[in-house]
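A closer look at the structure
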Amino acid sequence: MSAPALAASRHRVVVVGGGFGGLFAARRLKRAPVEVTLVDRSANHVFQPMLYQCATGIVPEATIAPPLRGIFRRHRHVSVLLAEVTGFDLEGRTVRARSPAGGELVLPFDSLIVAAGMQTSYFGHDEFAAYAPGLKTIDDARTVGQRVFGAFEVAEASHDPEERRAWLTFAIVGAGPSGVELAGQIRQAARQTLRREYRHIDPTECRVLLFDGGKEPLATFGDHLSGRAAQTLESMGVELRMGSIATALDGRGLDVRSGDGTVTRYEARTIVWTAGVAASPLGRMLAAATGVSTDRAGRVEVLPDCTLPGRPEVFVIGDMMSLDGLPGVAEVAMQSGMHAARTIRRRLAGRETGRFRYVDMGSMAFVGKRRAVVDFRGLKLSGFFGWLMWLAVHLTFLTGFSNRLAALLSWSLALTGSRRGRIFRTSDLERPPEPVTTRRTRSV
Ligand SMILES: Cc1cc2nc3c(=O)[nH]c(=O)nc-3n(C[C@H](O)[C@H](O)[C@H](O)COP(=O)(O)OP(=O)(O)OC[C@H]3O[C@@H](n4cnc5c(N)ncnc54)[C@H](O)[C@@H]3O)c2cc1C
């Protein structure tokens, strides 16, 4: 596809979202004759694959969430704007946003890159959110951490064995990478770090239950690696409940339906939801404005070059885009961000542009102490060698040298069992009132 050369100076690019997609797009526009405005409602770029490490006290928040302003301090042509994008006028080529002070901002653009990612989805059961936080933002990681570590405190203070048991039972719904990694780390924290810290409970007796509707954890990694992950999790004491769908949640536990239709009640005071995501509502707004379709998760069906039909100046990238069945992973976001930037640069230079070609770099998940599963372009690694590869990749993609150093130090301390950070107080353990009815069935 070719496009006429655009005005070569002060071409205005608005990038919505400073996650992996937006970050890589803005960085790749470094030497282009453009003015970039990077808008995000958060002041930080969040390295989401390590949120579970934040939740389980391995790394501090600052290590995985560097400030966007700091990242772009030397990129004179990039302005970072803290604001929530609320809509688009594609005809008038403007983005509407709400400033932190509440006022409306109108941002004009010549090219627009939308990379607002996904948010937790409870599949139509939004009421679950009050009882089971997701793991998508730094706030989520903080909440999950407070609930997990706080549960050991309540158990320590309780004299009722049933209550203690319920507080020491952790239910994680969704056995994708986030659920698997979180489950493994709760068990590891209990077995290593917390083991000697309590006087009335034995933290190693905690139960970590991992529920999923599929037949194995990490289903997208294929049978071999899923099997290895399941073995590792079980050896760490994680109880796998595959083929199970959570049908009701409240502040005291959850009801789970298995394949044969039986509904079982689990008493678990801490529940985390890692089962589903849906695209940012901005996706549906763009779809409505241009008449394009969205898939079931609300992702926008883009053209092969990541633009919208009839709107070559509007790119939708990363988790928000639906293209060739590509998965919602960091690599897709980074590469599609770089593609959008390259396309803008080439258009400005009056050169040919082409479709987005994704190079699959595989996937990986950290299962437990020095054990990970990795599928890297056909090379399947698990155990210690998988962990070494996991380590190398995560260090490469963490933003900033000091953050890499900090992560290495935190990993050494946490993985030898000596230290995990925790900050919470009694109010962090409060739950909303109980719902009026839940079905009571077989209890476990
Ligand atoms: C817990 C977890 C673990 C993961 N593990 C892995 C993994 O191991 N490997 C892997 O490859 N991928 C993993 N992923 C997926 C990966 O993180 C995503 O694919 C990637 O972050 C997508 O990048 P993105 O730029 O499309 O969106 P995001 O990184 O989600 O960024 C979206 C940005 O948009 C901003 N935003 C949203 N709405 C608005 C608005 N209205 N106004 C302004 N700003 C807005 C957000 O604040 C955010 O900064 C994981 C994700 C999670 C949540």
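These figures come from a predicted structure and were not determined experimentally.

1. Notes on the nonpolar core
- Ranked by size, the top nonpolar core spans 75 residues in total, and within it Ala 171, Ile 172, Leu 210, Leu 233, Ile 271 and Val 373 carry the most contacts.
- Top element by residues in this core is helix H5 (residues 138–157). It accounts for seven residues.
- Contacts of Ile 271, omitting those with residues within four sequence positions, involve Tyr 131, Ala 132, Ala 171, Val 173, Leu 249 and Leu 254.
- Counting 56 residues, the second-largest nonpolar core is a separate cluster that includes Val 95, Ile 113, Ala 330 and Ala 341.

2. Section: the sheet that holds strand S5 (residues 94–98)
- Sheet architecture is open: three strands sit in the order S4-S5-S6, paired in antiparallel fashion. Pairing within the sheet leaves two strands with one partner each, and these edge strands are strand S4 (84–89) and strand S6 (104–108). Looking at each pair of strands side by side, their axes are set apart by 25° on average, direction ignored.

3. Thoughts on the site of the ligand
- Around the ligand sit 33 residues, and of these Gly 17, Gly 19, Gly 21, Gly 117 and Gly 318 come closest.
- Mapped by element, the contributors of at least two residues to the shell around the ligand are helix H1 (20–28), strand S2 (34–40), S4, helix H7 (177–193) and helix H10 (330–348).
- For the shell around the ligand, a count of residues per class yields 15 nonpolar, twelve polar and six charged.

4. Some words on the sheet that holds strand S21 (residues 363–368)
- What the three strands build is an open sheet, ordered S21-S22-S23; its pairing is antiparallel. Pairing within the sheet leaves two strands with one partner each, and these edge strands are S21 and strand S23 (379–382). With strand direction ignored, the average angle separating the axes of adjacent strands in the sheet is 5°.
- Note that strand S22 (residues 371–376) and S23 share four bridges and pair antiparallel. By the bridge assignment for S23, Asp 375 is matched with Lys 380.
- With respect to the sheet, helix H11 (residues 383–397) is in contact with S21, S22 and S23, its orientation differing from that of S22 by roughly 70°.

5. Things to note about the packing of H1 against H10
- It is the contact of H1 with H10, at a shortest axis distance of 7 Å, that shows an interaxial angle of 30°. Relative to H10, H1 is oriented roughly parallel. Along this stretch, H1 crosses H10, giving a crossing that reads as right-handed. On H10, the residues that touch Phe 20, Gly 21, Gly 22, Leu 23, Phe 24, Ala 25 and Arg 28 of H1 are Ala 330, Ala 333, Met 334, Ser 336, Gly 337, Met 338, Ala 340, Ala 341 and Arg 342.

6. Some points on H11
- Helix length check: H11 (15 residues) gives 21 Å between terminal C-alpha atoms against 21 Å at 1.5 Å per residue, within 8%.
- Along H11, the residues classified as buried are Gly 386, Trp 387, Trp 390 and His 394. One face of H11 carries all of its buried residues, which in axial projection span an arc of 100°. Structural note: H11 exposes Phe 384, Phe 385, Ala 392 and Thr 396 on the side pointing more than 90 degrees away from its buried face.
- Buried residues in H11 make contact with S21, S22 and S23.

Rules behind the numbers
- Residues numbered from 1 in each chain as written.
- Predicted model: local features only at pLDDT ≥ 70, side-chain atom pairs only at ≥ 80, totals over all residues.
- Core = buried A, V, L, I, M, F, W, Y, C linked by C-beta atoms within 7 Å.
- Buried ≥ 20, exposed ≤ 12 C-beta atoms within 10 Å, placed from the backbone.
- Helix = DSSP H or I, 4+ residues; strand = E, 2+ residues; numbered from the N terminus.
- Contact = placed C-beta atoms within 7 Å.
- Pairing = 2+ DSSP bridges.
- Axes fitted to C-alpha atoms, helices over the stretch in contact; angles between N-to-C directions.
- Near = placed C-beta within 6 Å.
- Nonpolar A, V, L, I, M, F, W, Y, C, P; charged D, E, K, R; others polar.
- Parallel < 35°, antiparallel > 145°, perpendicular 65-115°, else oblique.
- Left-handed = near helix turned anticlockwise from the far one by under 90°.
- Expected span 1.5 Å × (residues − 1).
- Arc of directions from axis to C-beta.

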